[in-house]
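Residues per chain, in single letters:
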Amino acid sequence: MKHKVLRKQENSRMCLVCGVKNDFGLKASFYELDNGELAGIFTPREEHQSYPGIAHGGISAAILDETIGRAIMVTDRDMLGYTVELNLKYKKHVPLGQKLIVIGRITREKSRTFEGTGEIILANGEVAASATAKYLKVPLDKMPSFQEDSEDRMEWQVNISENDPREIEYEQKTDMKTCLRLG
Ligand SMILES: CCCCC/C=C\C/C=C\C/C=C\C/C=C\CCCC(=O)SCCNC(=O)CCNC(=O)[C@H](O)C(C)(C)COP(=O)(O)OP(=O)(O)OC[C@H]1O[C@@H](n2cnc3c(N)ncnc32)[C@H](O)[C@@H]1OP(=O)(O)O
């Protein structure tokens, strides 16, 4: 099914997953969709390798952790997640050098915590890794480096690019195989 992108999310300065100035990082971009889910787009590189040609499992964990954590921002733009639990299933290897998509959603929200699930989807539609995670809610203004004039606060912003997709198409089949197209 095709999903409209409603909003691109903020990127940070130095986060391993979304830091625009972290040259060892994934520099992932995140898009809120009209079905309430969050899509991340990223391309693992050689710096992220485990065995030759294959992304490190810790990299898969990092992107899934951040995608599920960011899914809370779909309904509360100023809320961040502090990970307390992360469980992964590695089903297929994640290749280097290919643009991939990761999807996340919230499955349970309480006053102090939230939980969610996510999947990394390969170009052929197969799910490479899936995760469940739990977070403590941390409002943006309670982050240690929140002061308005800090570099981290100033660079927490939406960076619009001509490469941003306007819609993202994927199908979640009952056997968890998923097809992907970016528009
Ligand atoms: C200023 C500008 C900012 C710019 C932003 C910059 C960068 C942004 C990047 C991305 C932004 C967007 C979203 C990102 C989302 C995720 C990205 C990655 C996030 C991380 O990379 S973050 C680092 C890893 N993370 C830790 O470093 C946590 C270490 N941890 C602790 O610091 C304590 O653990 C603490 C304080 C969390 C809780 O401490 P506490 O004393 O308050 O805990 P308490 O016992 O009250 O538990 C409370 C609830 O957590 C459950 N719980 C606790 N521990 C658990 C465990 N081990 N397993 C399962 N559940 C657990 C309990 O069961 C209860 O849940 P419940 O209420 O449902 O029962």
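For clarity, every value in this text was computed on a predicted model and none was experimentally measured.

The subject of this paragraph is the site of the ligand. As a structural note, the neighbourhood of the ligand is formed by 23 residues, with Thr83, Glu85, Lys110, Arg112 and Lys134 the closest of them. Between the ligand and the protein, one listed contact pairs an oxygen atom with a side-chain N or O atom of lysine 110 at 3.0 Å. One of the side-chain N or O atoms of arginine 112 is found 2.5 Å from an oxygen atom in the ligand. Protein chains shield 58% of the accessible area of the ligand, which is 1,400 Å² for the free molecule. Mapped by element, the contributors of at least two residues to the shell around the ligand are helix H1 (57–70), strand E4 (79–90) and strand E7 (127–139). Looking at the shell around the ligand residue by residue, the class counts come to nine nonpolar, six polar and eight charged.

All told, the structure shown has 16 salt bridges when counted by the stated rule. Linking arginine 7 and glutamate 32 is a salt bridge whose minimum nitrogen-to-oxygen distance equals 3.2 Å. Here arginine 7, found in strand E1 (residues 2–8), pairs with glutamate 32, found in strand E2 (residues 29–33); they are 25 residues apart in sequence, far enough to count as distant. With respect to class, arginine 7 is no different from glutamate 32; both count as buried. Here arginine 105 makes a salt bridge to glutamate 37, at a shortest N to O gap of 2.5 Å. Of this pair, arginine 105 sits in strand E5 (residues 100–109) while glutamate 37 sits in the loop between E2 and strand E3 (38–42); the two residues are 68 residues apart in sequence, bridging distant segments of the chain. Overall, the relative accessible area of 15% leaves arginine 105 in the buried class. Its relative accessible area of 13% is what places glutamate 37 among the buried residues.

It is worth spelling out the UniProt feature "domain: Thioesterase" (unreviewed entry) in the protein chain at this point. UniProt records the feature "domain: Thioesterase" (unreviewed entry) for residues 53–128 in the present numbering. For residues 53–128, helix accounts for 18% and strand for 43%, while the C-alpha atoms at its two ends are 15 Å apart.

Residues Val17, Phe30, Phe42, Ile63 and Ile120 are the most contacted members of the largest nonpolar core, which totals 32 residues. Looking at this core, the elements that each hand over two or more residues are E3, H1, E4, E5, strand E6 (113–121) and E7. With near-sequence residues (within four places) excluded, valine 17 lies in contact with Leu26, Lys27, Ala28, Phe30, Ala62, Ile63 and Glu66. If you look at the next biggest cluster of nonpolar residues, it comprises 10 residues, including Val5, Ala39, Ile101 and Tyr170.

Position of isoleucine 59 relative to the elements: it lies in helix H1. Residue isoleucine 59 is classed as buried on the basis of its relative accessible area of 11%. Along the primary structure isoleucine 59 and valine 94 are separated by 35 residues, whereas in three dimensions their C-alpha atoms are 9.5 Å apart. Once residues within four sequence positions are removed from consideration, isoleucine 59 is found in contact with Leu26 and His48.

Here is what the cut-offs are and how they apply
- Residues numbered from 1 in each chain as written.
- Predicted model: local features only at pLDDT ≥ 70, side-chain atom pairs only at ≥ 80, totals over all residues.
- Heavy atoms only, no water.
- Near = heavy atom within 4 Å.
- Polar contact = N/O pair within 3.5 Å; in protein donor to acceptor, adjacent residues only side chain to side chain.
- Areas by Shrake-Rupley, 256 points an atom, 1.4 Å probe, with all protein chains shown as cover.
- Helix = DSSP H or I, 4+ residues; strand = E, 2+ residues; numbered from the N terminus.
- Nonpolar A, V, L, I, M, F, W, Y, C, P; charged D, E, K, R; others polar.
- Salt bridge = Lys/Arg side-chain N within 4 Å of Asp/Glu carboxyl O.
- Buried < 20%, exposed > 50% of the residue type's maximum accessible area, 1.4 Å probe, protein only.
- UniProt positions renumbered as here; feature names shortened; annotations may be inferred.
- Core = buried A, V, L, I, M, F, W, Y, C linked by side-chain atoms within 4.5 Å.
- Contact = heavy atoms within 4.5 Å.

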